[in-house]
Structures are given as C-alpha cells and as structure tokens.
Amino acid sequence: MIRLSSFSGMIHATFKGLMLIFFLTGTLEAQNLRVGAAVRVITPNPLLPVSGGIGIPHPVTEKRGDLFARAMVFEQGTERFAIVNVDNLGWTSVLGNRSRARIKGIRPENVLIGATHTHSAPDAYGFPDASGKSYADLAYLNWCVDQIAEAVNEASANLQPATLKVAMGEAQGKIAYNYYAPALYDPRCGIIQALASSGPRAGKPIATLVNYAVHPEVLGNSRGILSPDLIGPMYQKIESTIGGVALFMNGAQGGMVTADTRLTYVKEGEQQKEANTWEECIRIGELLAVEAMRIVDKAPVLKNPTIYCTSRKLEFPIDSEIMRYILQKSPLKYEVTKENFVTTQLNLLNIGPAQILTVPGEALPNVGYYVKRNMHTKMPFLFGLTNDAFGYMLAKVDFNSFKRYDYITQTSLGEMTAEIYMEQAIKLVKESPKPQDQ
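Residues numbered from 1 in each chain as written. Predicted model: local features only at pLDDT ≥ 70, side-chain atom pairs only at ≥ 80, totals over all residues. Heavy atoms only, no water.

1. Describing the overall build of the chain
If you tally the helices and strands in the chain, you get nine helices and 18 strands. Rg of the C-alpha trace for the chain: 23 Å, near the compact-globule value of 22 Å for 438 residues, within the 12% margin. Counting only C-alpha atoms, the chain reaches 100 × 50 × 45 Å along its principal axes. Taking contacts inside the chain between residues at least 6 apart in sequence as the whole, the part at least 24 apart equals 80%. As displayed, the chain has an accessible area near 18,800 Å², and 55% of this comes from carbon and sulfur atoms. Separation between the mean location of the 43 positive side-chain charges and that of the 41 negative ones in the chain comes to 7 Å. (Helix = DSSP H or I, 4+ residues; strand = E, 2+ residues; numbered from the N terminus. Rg over C-alpha atoms; globule rule 2.2 N^0.38 Å. Contact = heavy atoms within 4.5 Å. Areas by Shrake-Rupley, 256 points an atom, 1.4 Å probe, with all protein chains shown as cover. Lys, Arg positive; Asp, Glu negative; His and termini not counted. Charge placed at Lys NZ, Arg CZ, Asp CG, Glu CD.)

This is the structure in structure tokens:
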C-alpha cells in the first residue's frame, strides 16, 4: 500500500524531472545553429563608368557578368550576425551604415560588409578630381544601399537549421601571386560552408563562403567592361556544381597580390606579357572555385558549432594629404570625429573552429601573416576591405622605405595605420573567447 504522501512525492519528483527535460530540450533547441542566405543583383542599368582607384572613372560599353550583393546570416540563441560581400572596389562605412539602419533584427555592429575589390565596377568612394568634382553616381549608390539591406533581411527571413563544414588549405594552381615579389603572398584558402540539416535539401549547401587574398583586376578599369572580374565565374562554378549561394571575402591582398595572368616570367623591370581577358577571368575564377570545393569536401560536418561576434572602434590618424583630400571632398560626406582622424569598426567572429578578423583596407601580406599567427585557431580568416576600405595598410618599417612602395605609401592613411590595426586586432583576440575545439 502506497501512502498518499509518498504518492504525492513521486508525482512531484516526476513533474520536476519532466520540467528539467523540457527546459534542457528547449534550451538545446534554442541554441541550434540557423543560417540563411540571399542575393541581389546590383548591375547598373544603364551601365556606368568603372573605377579602379583614384582618378576619373572610365566609360564602359559592355558588361561581362553581373555585379552582386550577397548575404549570409548566422543565428544561434540570441546571437545573430550577417556577412555581406559587394562586388565593388571598396565599400565605405558611410554607405554600409545606411544599409545597417535598414536591416531588421541584427545589431548594426554585427553586420559585416566587405568589398570583393573588382576594378571594373562603378566608383563607390566618390573620388574627387583636382577641382574637387566627383563622378560617382549617388542615385546608383543609394539603390545599392537598399539592395544590400534587402539581401540581409531576406537572408534573415530564410534562416533554417544548419550544420557547418569549415576548412582551410593551400589553393593549388595558377591563381595569384605578388606582383612586387612573386612568392610573398598567402596561398591559404578558407571556406565556411553551411548545410541544410533538415527538409528536402538536407545535407545540401545553403551557402559557401570563400576567403582568399587576390586582386580581381584581370580586366581592370580601362577596357570598357563592367564586370565582377574573376569573382563572377567563381560564384557561378560553385553554385552550378554544388548549389546554394556562393560568397567571396577578400584577404590581405595589398601591395600587390594580384591575379596570376602572366604569360611570360621575366625579371623585374622587363616587359611581361599578360592575358587580361574575360577568358582568363573564367579560368582563374573557376580554378579558385574548384580548389575551394576540394578543400572543404573532406571537412567533417559540425552538428552544432558555436558562434560568437564582437566589435570595437578603431581610430586612425590621416597623415596622407591625398587621403585627407579624398575624405574631405567626397560627396559621400565621410564621418570624421575629430580633425585628421577617422574612426572605423573592427569585428571578431568565431564560427566553429574558425576565427575571423576584419581589416578596413588592403593589408600587405606580412601584416596579414603576423595577425593570423596570433589568432587562437588553426583556421585564421581575414576579411579584407570589410567595414571600410581605407587604402593600403603597411607596417611602419615598410612605409616609404622602398621606391617600389611609393604608390601604396601615398594611398595609405599613414605609417601607423597597420601598427594600430595589428595592436588592436591582437588585443581583441586575447580578450575574446577561443573558437570551438577543432
């Protein structure tokens, strides 16, 4: 015979057990990773002149491929962030902040917007000429701002349960080299691939992000062609082969890690023949895609990897007269907190075993290598030209030290830019949690 008090105790214990199971299950479900992706075409119609840097944009008569804004949103529990790539030479925080203000459900500081750095897209800096006149099409740029926000909002609306594959390896073949010193570049290619974990496309890619350092300037800005350059064929190859959305985030490609279009291999100072054609864009872009898919193919599937996002503000002095002039005269109206200083945002992400740092410009390879070897991971990613695009970033010992570096010195904010960045990036790494064990 069971006494009433004992029976009540059993019911109470059972109830507590069921509540604990319910709580734990609910907590685990709430922490499941979800990923969404979306794309917007940002090709101007009619076509606009294209910019490869400081100076008046060049007129175009045709296009080879479309320009895109591509977004990938990650969510786990209360953590949500977005990674966006834009097919342009650079995408400033002035434009990025306008998109952030239109994005729903994600804190502005958790939206990372980076440029692929194609040299065959319209001017997004508002470069002024000697008289102070700019040739940037502000209506087009405002439209792009809206398209970026729409892509992120759609990606958020498309969030679905996901697993991840994260990998890093050397990309093989004739893809990139350093024009200043051929072997001084980073051949590592990092890939973050989100796979649907349920539904009719379970096990298939939602999105594949490729991180690699290269200048997409095969066509350049003087051939009368608007194009995403080699990045366009990379998108198409990945998407037609494995499906999902392909994204590209550039790396430390400054001074001058460029596409390897060489037809001849000559000594410095001698005339070198190159294949600066759309066919070469296809060859290099598809090769990069094939290598990225090869590297990620054997990576283990991570069922519920942890994610993390943080940010901080950086302040750089503007020592360059050229850069001061651009920032002062651009119709974009750059936000300057105090005279001859500019503020930008640095982000750190942990995505499974990968750790990611943003770079607000074109860091030289040695700067990139130094930061990467101080990151808490065997899979260090650098998202170059992200959140801002403040010219070249070279160490103070390199700044104005070689004739070869005259141009990149002139188009850098100053000799302390990379020094400040490296110090603050490594400090942020030390203050942040380590990524998931590999």
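Additional details are given in the paragraphs that follow.
2. With respect to the sheet that holds strand β17 (residues 379–383)
Reading across the sheet, the four strands line up as β13-β14-β15-β17 and stay open at both edges, with mixed pairing between neighbours. Sheet topology places β13 (307–317) and β17 at the edges, where each strand pairs with a single neighbour. For this sheet, the mean inter-axis angle between neighbouring strands, taken without regard to orientation, is 15°. In this sheet, strand β15 (residues 354–358) lies alongside strand β14 (residues 341–351) in antiparallel orientation, the contact comprising four bridges. Bridged to leucine 349 within β15 is isoleucine 356. In this fold helix α9 (residues 417–431) packs onto β13, β14, β15 and β17, with an angle of close to 155° to the strand it touches most, β13. (Pairing = 2+ DSSP bridges. Axes fitted to C-alpha atoms, helices over the stretch in contact; angles between N-to-C directions.)

3. What to know about the packing of aromatic side chains
For the structure shown, the criterion picks out eight aromatic pairs. Aromatic pair phenylalanine 68 and tyrosine 235: ring centres 5.8 Å apart, planes at 90°, arrangement edge-to-face. Of this pair, phenylalanine 68 sits in strand β3 (residues 68–76) while tyrosine 235 sits in helix α4 (residues 231–242), and the two are 167 residues apart along the sequence. The burial state of phenylalanine 68 is the same as that of tyrosine 235; both residues are buried. Taking the centre distance of 5.2 Å and the plane angle of 25° together, the rings of phenylalanine 74 and phenylalanine 81 count as stacked. Taken as a pair, phenylalanine 74 and phenylalanine 81 share a single burial class, namely buried. The ring of tyrosine 235 has arginine 70 sitting right over it, with the charged end atom 3.7 Å from the ring centre. Here the basic side chain of arginine 262 rests over the ring of tyrosine 177, its NZ or CZ set 3.8 Å away from the ring centre. (Phe/Tyr/Trp six-rings, centres within 6.5 Å; stacked < 30°, edge-to-face > 60°. Buried < 20%, exposed > 50% of the residue type's maximum accessible area, 1.4 Å probe, protein only. Lys NZ or Arg CZ within 6 Å of the ring centre and 35° of its normal.)

4. Things to note about the nonpolar core
Across soluble globular proteins, nonpolar side chains have a tendency to be buried as a group. Within the largest apolar cluster, 68 residues are counted, with the highest numbers of intra-cluster contacts made by Trp91, Leu357 and Tyr421. Counting residues per element, this core draws most heavily on helix α3 (residues 138–157), at nine residues. Setting aside residues no more than four positions away along its own chain, leucine 357 makes contact with Leu346, Asn347, Leu348, Val371, Met375, Phe381, Leu382, Phe383, Tyr421, Ala425, Leu428 and Val429. Core analysis: the second largest hydrophobic core is formed by 33 residues, Ile175, Cys189, Ala246 and Ala292 among them. (Core = buried A, V, L, I, M, F, W, Y, C linked by side-chain atoms within 4.5 Å.)

5. Quick word on the side chain of serine 93
On the secondary structure map, serine 93 appears in helix α2 (residues 93–100). Judged by relative accessible area, which is 17%, serine 93 ranks as buried.

6. Examining the sheet that holds β3
Read from one edge to the other, the open sheet built from eight strands follows the order β5-β4-β3-β1-β6-β8-β9-β11, with strand pairing classed as mixed. The open sheet is flanked by β5 (111–115) and β11 (245–250), the only strands paired with a single partner. The mean inter-strand angle of the sheet, taken between neighbouring strand axes irrespective of direction, is 25°. Pairing analysis gives nine bridges linking strand β6 (residues 160–170) to strand β8 (residues 188–196), with the strands arranged antiparallel. Bridge assignment links leucine 164 to a residue of β8, and that residue is alanine 194. Running at roughly 145° to β11, α4 makes contact with β3, β4 (79–86), β8, β9 (205–212) and β11 of the sheet. Where helix α5 (residues 278–297) meets the sheet, it contacts β6, β8, β9 and β11, and its direction lies at approximately 110° from that of β6.

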